[in-house]
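The lines below spell out each chain.
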Amino acid sequence: MVTQKHPHKPHQEKENAATTTQQQPPLQSLFSYGHIQWDASILYHVLLLIYIPIGIYLIIVRFVFLFFLLILIIVTPDNFTFPPKVTNFLLIAFGFFVRVHGFKENCDNPTIVCCNHRTTFDVFPFMKLFNFDVLIDKGFFEASFLARKFKKIVGAIPLVRGHDQNDREKDKQVILAHLAKCKRPLLFFAEGWDTNGRVGLMIYQKFLFSLGKPVHPVALDVRVPILPLNPGMLGTSVIKEVLWLFFYPCTIWSLTFLPPQTKRADESEIDFARRAQVATANSLNITPQIILIKMP
């Protein structure tokens, strides 16, 4: 169960950072490298063997359901969006069960929602709560027919990501203009990579902390009940993750909305991102990574 802690004062954050400098977990321990938890007890593995026929049946049923959903997405107009009741039904049909904490208290009219990253499907539990946009590569968005149709379920901000300062400034203006026009919050996963949520958080990417907007941190926890299975893994493909998702009896998502954070006048973008990362890690009772490591 995810529990929400009170936000730390600045001097407490510095002490926490100093502590984690000496207690940084090994980078490899932040990730899951397979879906089966081989270190679980024999009893759980026997249970998994018994469950396999049921899981295969669920894969077939859910793929049939997905087929008809894709047809519906393709034949409906581009400006069509699914009503909330239909969205909730779709989530349940695919085994998504969502628990929410602190939403009413801490998420009044959000502009930017920042979350840790656990699986390929982390966007979907948020659909239970509000409509939102995610960043997507413009070239992929324009070239992929299904990606454009997917916008009926999850809003998208097509973006050409640049590498120099001028390109990043253009990206900021595109995002700000889109937010002003659409009035939907922007959801992003600041770690950039799927972590296992049991050990630590990757350092948060600073880009969206530089927009001059309040950021609403969310602590995300995901688990597959009863069975010794990890909900996600590093270095996989979408089709493999879909197969595993459909195999699970269900996936339980826990979203804890923390108090919104605003950049202080004497604070850098990196420090602002760090503060949101520490608050999220504290809520999940794991260690915030403080060393920037670029993944291959």
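A brief report on the enclosed structure follows. (Residues numbered from 1 in each chain as written. Predicted model: local features only at pLDDT ≥ 70, side-chain atom pairs only at ≥ 80, totals over all residues. Heavy atoms only, no water.)

1. Quick look at the state of the cysteines
Our working rule: The definition used for a disulfide is geometric: two cysteine sulfur atoms within 2.5 Å. Exposure is judged per residue with a 1.4 Å probe applied to protein chains only, and the accessible area is read against the type maximum: over 50% gives exposed, under 20% gives buried, and values in between give partly exposed.
Within the structure shown, the criterion is met by 0 disulfides. With no disulfide of its own, Cys 114 has Cys 115 as its nearest cysteine by sulfur position, at a separation of 7.3 Å. Residue classification places Cys 114 among the buried positions, given a relative accessible area of 0%.

2. Describing the nonpolar core
Using the following cut-off: Side-chain atoms within 4.5 Å link the members of a nonpolar core, which is a set of buried Ala, Val, Leu, Ile, Met, Phe, Trp, Tyr and Cys residues. Labels follow the DSSP assignment, with helices taken as runs of H or I lasting at least four residues and strands as runs of E lasting at least two, numbered in each case from the N terminus. Contacts between residues were defined by any pair of non-hydrogen atoms, one from each residue, lying within 4.5 Å.
Counting residues in each nonpolar core, the largest one holds 41 residues, and the members touching the most others are Phe 96, Val 123, Phe 126, Phe 132 and Leu 187. Counting only elements with at least two residues in this core, the list comes to α2 (42–75), α3 (84–93), β1 (96–101), β2 (112–115), β5 (186–189), β7 (215–223), α8 (238–247) and β8 (251–257). Residues contacting Leu 187, with those up to four places away along its chain left out, are Val 113, Val 123, Phe 126, Phe 132, Asp 133 and Val 134. If you look at the next biggest cluster of nonpolar residues, it comprises 23 residues, including Leu 159, Phe 188, Phe 209 and Val 215.

3. Focus on the packing of aromatic side chains
Basically, it comes down to this: Classification of ring pairs rests on two measures: the distance between centres of Phe, Tyr or Trp rings, Trp counted by its six-membered ring, which must be within 6.5 Å, and the angle between planes, read as stacked under 30 degrees, edge-to-face over 60 and tilted in between.
With the rule as written, the count across this model stands at 21 aromatic pairs. On the numbers, 6.3 Å between centres and 40 degrees between planes, the contact of Trp 244 with Tyr 248 is tilted. Using a relative accessible area of 1% as the deciding quantity, one classes Tyr 248 as buried. Aromatic ring contacts, followed pair by pair, group Phe 103, Phe 126, Phe 130, Phe 132, Phe 189 and Phe 257 into a single cluster.

The quantities given are spatial measurements derived from coordinates; they are silent on function.
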